[in-house]
Amino acid sequence: MAQHPFMDRPAWKMLIGGAFVSGSGSTSLPVTNPATGEVLGEAPAAGQADVDAAVTAARDAYRSWRWIQPEKRAAMLFEIAERIRRHHDELVDLETWENGKPRVQSARDVTNAERTFRFYAGATDKFYGQAVLDAPGEMRKIVYEPYGVVAVIIPWNWPPMHTADFGALALATGNTVVLKPAPETPLSSLRIAELAADVLPPGVLNVIPGGVDTGVQLVAHPGIDFIAFTGSDRTGEKILAAAATRILPTMMELGGKNASIIFPDADLDKAVQGMVRSAFFNSGQACSGSERVLVHQDVYKAFLERFTSAVAGLVVGDGFDERSIVGPMVSRRQQEKVREALERATAEGACIPAQAPLPTEGRYTGGFWIPPTVVTEAAPDATIMTEEVFGPVAGILPFSDEDEAVRIANAVDYGLTAGVWTRDLGTAHRMASRIEAGVVAVNRVNTGELGLPFGGYKRSGVGRKKDFTEAMRSFSRVKAIQMNFED
Ligand code: NAD
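Residues numbered from 1 in each chain as written. Predicted model: local features only at pLDDT ≥ 70, side-chain atom pairs only at ≥ 80, totals over all residues. Heavy atoms only, no water.

What follows is about the domain arrangement of the protein chain. As far as domains go, the protein chain holds domain 1 (14–254 + 461–480) and domain 2 (258–449). Placing the centre of domain 1 and that of domain 2 at their C-alpha centroids yields a distance of 30 Å. Taken together, the links from domain 1 to domain 2 amount to 1 salt bridge. Linking domain 1 with domain 2 are 9 residue pairs in polar contact (both at pLDDT 80 or more). Mapped by element, the contributors of at least two residues to the side of domain 1 that touches domain 2 are α3 (88–99) and α4 (103–124). In the side of domain 1 that touches domain 2, the residues fall into 7 nonpolar, 9 polar and 9 charged. (Domains from an automatic or database assignment. Salt bridge = Lys/Arg side-chain N within 4 Å of Asp/Glu carboxyl O. Polar contact = N/O pair within 3.5 Å; in protein donor to acceptor, adjacent residues only side chain to side chain. Helix = DSSP H or I, 4+ residues; strand = E, 2+ residues; numbered from the N terminus. Nonpolar A, V, L, I, M, F, W, Y, C, P; charged D, E, K, R; others polar.)

Quick look at the structure:
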């Protein structure tokens, strides 16, 4: 049986200035098991005084952190990666407890967090600018400098990986960090903070859980120099508006309404498998997943038959049950949001030809379940086909030719990822060029590979993460230096 996250351990505390503290917040965060709805325990919620203390600690720590030799910073990040590796199983259980996802998916997430710390550890001492000797006595230099204190605000869908994505990147580029996890999933980030606390100098990494209020206070704090946000575009708008008043630079990783396009020459079995994975992985709570599947009219019927049968056979269940392929929604709020989206879809004329069965055991009646669902007969401009659901819902649309597919794919406000399934090289290259998205996968599911820049077009965001050049530069400011050495 997996270790209960509140038993046989001291109370969960936030990390501020190298110390674990209970926090000054008047409220706490109930941590819920999404499979049953049972409250497992309480995590601390940061109040204004904690936000102030965390930002002050990060500012103080920045003065020396930014000048620590890159090799030394790299060694610390490698050590954090190593500790995540050593505590892999424990972190996997923790994520399944608080997020509900199947353990095998939590394991991928924890491994990704470890790899991300390793990746940016390796990048730390290989990131430098340029110097040009123009003439004897004349030199030009371009240098990359950290911003200072980075506020990192993350969602609940991949908590260890989000902690690493911006946390490790900010530290690698010489910034210090105040990280606010989502109120639904504070424990994964707090556990990584516990593992990292005595590796890093005090104040370099601060982790302060909390909800919207804590996020608002953090973003508004005058001691913040850069905001790295992952979440919905609606929240992104608010954060950008707050940042605008101080001309603060930001990185925005926002929502998507991603389309995958299946041409008649595609390997249909492979495409069906890929779409099941893309739409239902992480219970559909994946910014990179395909909520829209565009299928050429010649293979629409064949695709739909195979897809609906695959979806109806998906095993939905407790993340700790090894048979489960799809877990519950993370929260009651997310469950209701997805339920409302489906009700609206059918009210607007859509059909639901297939759903997977839900667990029937009594202990799961209070869980946040939504069945994996196939939606058809919705117009391309129906709400279900244009607004992000962030749940296990795949909308299937027919198309007649390449132009129509491009038109439908691009006719949404988002542009995060896209998929193309074809054996024709020309079609693959043309589609990859014509689709407005930051990431395009051909004949495979996009998996957010480390080393490739990840980020969105349009309302899906600004800036890139997961790679070396774009991400490291995004978290750095550029200085041009002109020098003259002549007497
Ligand atoms: P959300 O925007 O509601 O919340 C995200 C985080 O922002 C949470 O920590 C929340 O407490 C905080 N927050 C909320 N309001 C705030 C405010 N006014 N000021 C400061 N902080 C605030 O998003 P969510 O529902 O938790 O997450 C789902 C969304 O995240 C989806 O839209 C999904 O597409 C997106 N997402 C994007 C990526 C990506 O890399 N592009 C990855 C994962 C999730």
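As a further point, take the environment of Ser188. Counting through the fold element by element, Ser188 comes out in helix α6 (residues 186–196). The class for Ser188 is buried, based on a relative accessible area of 0%. Dropping the residues within four chain positions of it, Ser188 is found in contact with Leu91, Leu94, Glu95, Glu98, Pro159 and Pro160. (Buried < 20%, exposed > 50% of the residue type's maximum accessible area, 1.4 Å probe, protein only. Contact = heavy atoms within 4.5 Å.)

This brings us to the sheet that holds strand β22 (residues 476–484). Read across the sheet, 3 strands follow the order β5-β6-β22 without closing on themselves; strand pairing throughout is antiparallel. Each edge of the open sheet is held by one strand with a lone partner, namely β5 (130–135) and β22. Neighbour-to-neighbour, the strand axes of the sheet open up by a mean angle of 15 degrees, direction not taken into account. Examined bridge by bridge, β5 and strand β6 (residues 138–146) share 5 bridges and lie antiparallel to one another. Bridge pairing in β6 links Gln130 to Ile142. (Pairing = 2+ DSSP bridges. Axes fitted to C-alpha atoms, helices over the stretch in contact; angles between N-to-C directions.)

A few words now on the pairing of strand β11 (residues 250–253). Of the two faces of β11, both are covered, the one formed by Thr250 and Met252 as well as the one formed by Met251 and Glu253. Chirality of the crossover, the property in question, places the unit of strand β10 (residues 226–230), helix α8 (residues 233–244) and β11 among those that are right-handed. (Right-handed = clockwise from strand over helix to strand, strands pointing away.)

With that settled, the discussion passes to the packing of aromatic side chains. Overall, the coordinates contain 13 aromatic pairs when judged by the stated rule. Judged by centre distance (6.1 Å) and plane angle (90 degrees), the ring pair of Phe127 and Phe468 falls under edge-to-face. With a gap of 341 residues between them, Phe127 in the loop between α4 and β5 and Phe468 in the loop between β21 (461–462) and α15 (469–474) connect regions that are remote in the sequence. Classification of Phe127 by relative accessible area gives buried; the value is 17%. The class for Phe468 is partly exposed, based on a relative accessible area of 29%. Put simply, the rings of Tyr147, Phe166, Phe226 and Phe475 touch in pairs and so form one group of aromatic residues. The lysine or arginine in question, Arg66, covers the ring of Trp67, its NZ or CZ lying 3.7 Å from the ring centre. (Phe/Tyr/Trp six-rings, centres within 6.5 Å; stacked < 30°, edge-to-face > 60°. Lys NZ or Arg CZ within 6 Å of the ring centre and 35° of its normal.)

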